[in-house]
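Chain residues, written in single-letter form:
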Amino acid sequence: QVQLVESGGGLVQPGGSLRLSCAASGSIFSINTMGWYRQAPGKERELVATITSGGVTNYAGSVKGRFTISRDNAKNTVYLQMNSLKPEDTAVYYCLTVVGARPYWGQGTQVTVSS
């Protein structure tokens, strides 16, 4: 089994910043892609950003230039630095970790952008 522990969500004003973290533990033999998805109320879950084990990144167009994804392979941890946050970034953010070919999801962390 793989456990994912997310942290870093919260309430922030428009234009502010937050940093999300997700640490993977358990039966980890080969972590491939790690990433973040989000789901706003009444909407489907959508891609935010992913990063491969080799460091290749992919971003949704709506966050490109504002968010930065990174990972520490030694710590099996993925990060999401979110800058210039907008109210439309409000959502539950979910960590994704692909071990072998199997995806694992975190429990989600709430990010609220409001004045």
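All values reported here derive from a predicted model rather than from experimental measurement.

Visitor: Could you clarify how one ought to interpret the pairing of strand β9 (residues 91-99) in this entry?
Guide: Where burial is concerned, most of β9 is hidden: eight out of the nine residues are buried. Of the pairings in the sheet, the one linking strand β4 (residues 31-39) to β9 comprises seven bridges and is antiparallel in character. The residue bridging R38 from the neighbouring strand is Y93, located in β9. Bridge count for β9 against strand β11 (residues 109-113) is three bridges, and the pairing is antiparallel. Its bridge partner being in β11, Y93 is matched across the sheet by T109. Here β9 pairs with strand β10 (residues 102-105) via four bridges, running antiparallel. Note that in β10 the partner of T97 across the bridge is Y104.

Visitor: Explain the state of the cysteines here, please?
Guide: By definition, a disulfide links two cysteine residues through a covalent bond between their sulfur atoms. On inspection of all chains with the given rule, the structure shows one disulfide. The disulfide partner of C22 is C95, and the gap between their sulfur atoms is 2.1 Å. Taking the torsion about the S-S bond as the criterion, the C22 to C95 disulfide, at about -80°, is left-handed. Remark: C95 occurs in strand β9 and C22 occurs in strand β3 (residues 18-26); sequence separation between them is 73 residues. For C22, a relative accessible area of 0% corresponds to the buried category.

Calculation criteria
- Residues numbered from 1 in each chain as written.
- Predicted model: local features only at pLDDT ≥ 70, side-chain atom pairs only at ≥ 80, totals over all residues.
- Heavy atoms only, no water.
- Buried < 20%, exposed > 50% of the residue type's maximum accessible area, 1.4 Å probe, protein only.
- Helix = DSSP H or I, 4+ residues; strand = E, 2+ residues; numbered from the N terminus.
- Pairing = 2+ DSSP bridges.
- Disulfide = S-S within 2.5 Å.

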